[in-house]
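Coordinate inspection notes
Here's the letter readout for the chains.
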Amino acid sequence: MVWQRAIGFALTAILALQGFSAARAEEFPSRPLTVVVGLAAGGITDVTARLYAEVVSRSIGQRIVIENRQGAGGAVAAAAVQNAAPDGYTLLVFSGSQHAAVPAVQSAPYDPIKGFQPITLLFNLAALVAVPVTSPANSMAELLAYGKQKPGGLLFGSPGVGTPSHLLAAKIGAATKTPMQYVHYRGGAPMMADLVTGRVDFALASYTVSKGFFLEHKLKALAVDADSRLSVMPDVPTLTEAGLGESKVASWFALAAPAGTPGEIVQKLRDAFVEASHDPELQRRLTENGTLIHTSTPEEMAKLLAEEVDSTNELVTSLHLRQR
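As the structure is a computational prediction, the values presented were derived from the model and not from experiment.

1. Thoughts on the overall build of the chain
Looking only at helices and strands, one finds eleven helices and eleven strands in the chain. A globule of 324 residues ought to have a C-alpha radius of gyration of about 20 Å, and the chain, at 22 Å, matches this closely. Overall, the chain is about 85 × 45 × 30 Å in size when its C-alpha atoms are taken along their principal axes. Looking at the chain residue by residue over its 324 residues, the buried ones come to 49%.

This is the structure we're talking about:
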């Protein structure tokens, strides 16, 4: 009888907790949400997150606060969200490749897979292979040929060790046997300044960051890291079209919550952000920035993230980029 009563009490408690959890999910959201971005305010990731937040906040009836937490290549932001309460009120917008690369290159305070509950992809950010207007190269083939005959190889401007552009450049160099030296900067502004003046031979930059330099004829675009050409730069071939088929590094950005966030809340968030992606004004502004909208189910995003972590670990190992 004692055991039966104990089991009965346990079942009652479990059912009560389930009912409480369901009620909480049904009420969600009942207060403002925070979306953490691990990059500086004003950058393309921050701007895009704010555009999404503006549209989603209207549909859910709650304010969405964008919180910029810079540091350690996005690790500070990722750790903050991983360790937040799994209630759907603290979310992370992140770069898939950078999220995977930071713990692959060095010790990181977060687990890129176990620490998070995927919600949806948000957008793809196309990176342009840019060279100074004075560069002798007018195509990827010419750039790589120039690097093979230049003493010391090509100088590549990078925003940091293990960043997506660093990994992509290293992958291209290894695949084409083109010697490269990497100049790592603390931000995009000094990198672009050195690129324009020819202190580095090439860099990978988003259209938003570089479009002014293209319009002023200070830079040339040789290729774009995307599945198709950009509508804003239709004459620039993709890396595949330039003969570098499998050299891409993931350029997708996504939304995630802390691991353990209830499924009902995840689905509500996913539906709200996917609905926002169809907003005409959001679509117009992202297209103008060279940003490609791309959404998914949580399951599709989880699969993509796992694949990205595996491929990034392999790439970092093969290029000897580990720092631990």
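There's plenty left to go through after this.
2. Describing the pairing of strand 3 (residues 90-95)
Residues in a regular strand point their side chains to alternate faces of the sheet. The element strand 3 is extensively covered by neighbouring structure, given that six of its six residues are classed as buried. Residues Thr 90, Leu 92 and Phe 94 line one face of strand 3 and the alternating positions Leu 91, Val 93 and Ser 95 line the opposite face, and both faces are buried. By the bridge criterion, four bridges tie strand 1 (residues 33-37) to strand 3 in an arrangement that is parallel. When the bridges of strand 3 are listed, Val 36 appears paired with Leu 92. As defined by bridge partners, strand 3 adjoins strand 10 (residues 252-258) across four bridges and the pair is classed as antiparallel.

3. Some thoughts on empty space enclosed by the protein
Scanning the entire structure with this criterion turns up one cavity of 30 Å³ or more. Here the largest cavity defines a volume of roughly 160 Å³. Gly 73, Gly 74, Val 93, Phe 94 and Ser 95 are the residues nearest the centre of the largest cavity, which is lined by 17 residues in total. For the lining of the largest cavity, the secondary structure elements donating two or more residues are helix 3 (75-82), strand 3 and helix 4 (96-105). In terms of residues, the lining of the largest cavity owes the most to one element, strand 3, which gives four residues. Split by residue class, the lining of the largest cavity holds ten nonpolar, seven polar and no charged.

4. Description of helix 2 (residues 44-60)
The first and last C-alpha atoms of helix 2 sit 24 Å apart over 17 residues, in line with the 24 Å expected at 1.5 Å per residue. Turning to helix 2, its buried residues are Ile 44, Thr 45, Asp 46, Thr 48, Ala 49, Leu 51, Tyr 52, Ala 53, Val 55, Val 56 and Ser 57. The first or second residue beyond helix 2 is Gly 61, which carries a positive phi of 75 degrees.

5. A few points about the sheet that holds strand 6 (residues 154-158)
One open sheet holds the five strands; their spatial order is 7-6-8-5-9, and the pairing between them is mixed. Edge positions in the open sheet fall to strand 7 (180-184) and strand 9 (219-225), since each of these has one partner strand only. The sheet shows a mean angle of 30 degrees between the axes of neighbouring strands, taken without regard to direction.

6. So, the packing of aromatic side chains
A full pass over the atoms with the stated rule returns seven aromatic pairs. Between Phe 94 and Trp 252, the aromatic rings sit 6.1 Å apart at their centres with planes inclined by 70 degrees, giving edge-to-face as the arrangement. Here the residue Phe 94 occupies a position in strand 3, and Trp 252 occupies one in strand 10, the gap between them amounting to 158 residues. Of the two residues, Phe 94 and Trp 252, both sit in the buried class. Relative to Tyr 182, the ring of Phe 156 has its centre 6.2 Å away and its plane inclined at 80 degrees; by these criteria the two rings are edge-to-face. Separated by 26 residues along the polypeptide, Phe 156 in strand 6 and Tyr 182 in strand 7 bring together distant segments of the chain. Residue classification places Phe 156 among the buried residues on the basis of a relative accessible area of 0%. Through successive ring pairs, a cluster of aromatic residues spans Phe 156, Tyr 182 and Phe 202. Above the ring of Tyr 89, the side-chain terminus of Arg 31 is found at 3.7 Å from the ring centroid.

7. Topic: the environment of Phe 202
Structurally, the position occupied by Phe 202 is in strand 8 (residues 202-206). Counting along the chain gives 43 residues from Phe 202 to Gly 245, while the straight-line C-alpha distance between them is 19 Å. Setting aside anything within four residues of it in sequence, one finds Phe 202 in contact with Val 129, Ala 130, Val 131, Leu 143, Leu 154, Leu 155, Phe 156, Gly 157, Ala 169, Met 180 and Leu 195.

8. Notes on the pairing of strand 2 (residues 64-68)
Bridging between strand 1 and strand 2 involves five bridges; their strand directions are parallel. Bridge assignment links Thr 34 to a residue of strand 2, and that residue is Val 65. Regarding the hand of the β-α-β motif, the stretch spanning strand 1, helix 2 and strand 2 is right-handed.

9. Some remarks on the side chain of Lys 150
Take Lys 150: it is sitting in the loop between helix 5 (140-149) and strand 6. Separated by 2.5 Å, the side chains of Lys 150 and Asp 201 make a polar contact.

10. Let's talk about the environment of Gly 212
Locating Gly 212 in the fold gives a position in helix 8 (residues 207-215). Overall, the relative accessible area of 30% leaves Gly 212 in the partly exposed class. Expressed as a C-alpha distance, the spacing of Gly 212 and Gly 153, which sit 59 residues apart in the sequence, is 28 Å.

What counts, and at which threshold
Residues numbered from 1 in each chain as written. Predicted model: local features only at pLDDT ≥ 70, side-chain atom pairs only at ≥ 80, totals over all residues. Heavy atoms only, no water. Helix = DSSP H or I, 4+ residues; strand = E, 2+ residues; numbered from the N terminus. Rg over C-alpha atoms; globule rule 2.2 N^0.38 Å. Buried < 20%, exposed > 50% of the residue type's maximum accessible area, 1.4 Å probe, protein only. Pairing = 2+ DSSP bridges. 1 Å grid on protein atoms, 1.4 Å probe; cavity = no way out; pocket = protein on both sides within 12 Å on 5 of 7 lines; lining within 4 Å. Points joined across faces, edges and corners; volume = space filled by probe spheres on them. Nonpolar A, V, L, I, M, F, W, Y, C, P; charged D, E, K, R; others polar. Expected span 1.5 Å × (residues − 1). Axes fitted to C-alpha atoms, helices over the stretch in contact; angles between N-to-C directions. Phe/Tyr/Trp six-rings, centres within 6.5 Å; stacked < 30°, edge-to-face > 60°. Lys NZ or Arg CZ within 6 Å of the ring centre and 35° of its normal. Contact = heavy atoms within 4.5 Å. Right-handed = clockwise from strand over helix to strand, strands pointing away. Polar contact = N/O pair within 3.5 Å; in protein donor to acceptor, adjacent residues only side chain to side chain.

In short, shape yes, function no, at least from these values alone.
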